[in-house]
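# Fold and contact review
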Amino acid sequence: MRTDALPEWARAGFSWDGSGTKHVYGAKGDIMAILFGYPLTSPPAPDRGNKILWVAREPIERGGDLEIRAALAGTTVTAERTVAGGPGPSIIDLPRPGCWHLTLTWADGADSLDLTYGVP
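Residues numbered from 1 in each chain as written. Predicted model: local features only at pLDDT ≥ 70, side-chain atom pairs only at ≥ 80, totals over all residues. Heavy atoms only, no water.

Below, the discussion takes up the overall build of the protein chain. Scanning the protein chain from N- to C-terminus turns up zero helices and eight strands. When the elements of the protein chain are put in sequence order from the N terminus, they spell out β-β-β-β-β-β-β-β. Here the protein chain has a C-alpha radius of gyration of 14 Å; the compact-globule value for 120 residues is 14 Å, and the two agree. Each principal axis of the C-alpha atoms in the protein chain carries an extent, and together these give about 35 × 30 × 25 Å. Burial analysis of the protein chain (120 residues in total) assigns 40% to the buried set. (Helix = DSSP H or I, 4+ residues; strand = E, 2+ residues; numbered from the N terminus. Rg over C-alpha atoms; globule rule 2.2 N^0.38 Å. Buried < 20%, exposed > 50% of the residue type's maximum accessible area, 1.4 Å probe, protein only.)

Here six bridges tie strand E4 (residues 66–72) to strand E7 (residues 98–106), and the two strands are oriented antiparallel to one another. Across the sheet, Arg 69 pairs through a bridge with Thr 103, a residue of E7. Here nine bridges tie E7 to strand E8 (residues 109–117), and the two strands are oriented antiparallel to one another. Counterpart to His 101 in the pairing with E8 is Asp 114. Once E7 ends, the chain turns through two residues before running back antiparallel as E8. (Pairing = 2+ DSSP bridges.)

Another point: the pairing of strand E3 (residues 51–56). Here E3 lies mainly inside the structure; five of its six residues are buried. Pairing geometry for strand E2 (residues 31–35) and E3, over five bridges, is antiparallel. Looking at E3, one finds that Leu 35 is bridged to Ile 52. Bridge count between E3 and strand E6 (residues 89–91): three bridges; the pairing is antiparallel. Across the sheet, the residue bridging to Leu 53 is Pro 89, located in E6.

Our focus in this paragraph is the packing of aromatic side chains. Per the counting criterion, the structure on display carries two aromatic pairs. Judged by centre distance (5.2 Å) and plane angle (70 degrees), the rings of Phe 14 and Trp 16 are edge-to-face. What makes Phe 14 buried here is its relative accessible area of 16%. The class for Trp 16 is partly exposed, based on a relative accessible area of 45%. Arranged with centres 6.2 Å apart and planes meeting at 20 degrees, the rings of Phe 14 and Phe 36 form a pair that is stacked. (Phe/Tyr/Trp six-rings, centres within 6.5 Å; stacked < 30°, edge-to-face > 60°.)

As a further point, take the sheet that holds E8. Strand order in this open sheet of four strands is E5-E4-E7-E8, and the pairing throughout is antiparallel. Of all the strands in the sheet, the pair left with one neighbour each is strand E5 (78–83) and E8. With strand direction ignored, the average angle separating the axes of adjacent strands in the sheet is 20 degrees. (Axes fitted to C-alpha atoms, helices over the stretch in contact; angles between N-to-C directions.)

Given below as structure tokens:
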């Protein structure tokens, strides 16, 4: 997880460079998860959601959804989530705390990243 300035391709809607905003780059650098609901928790905290803004590096040229396949490290626990309309704002709740490896696919790309969900 990083808190440095967001890359220019991920700054839409920000009035500054995004410094201080927690974010995670995809392994290939094709997508970013900007964590507005930090810390992410499972179950979700009662006073806020697990809000993630997904930003793809390249503009989306075709429609479609962002498909998320999540696997909990060290277990056989998996989950699938869909963000309608592709990368964008979402609430992503996962079934257990721990480190999750997310495989992400959307109309124009694919990438992966790890997110940690703690206990509220």
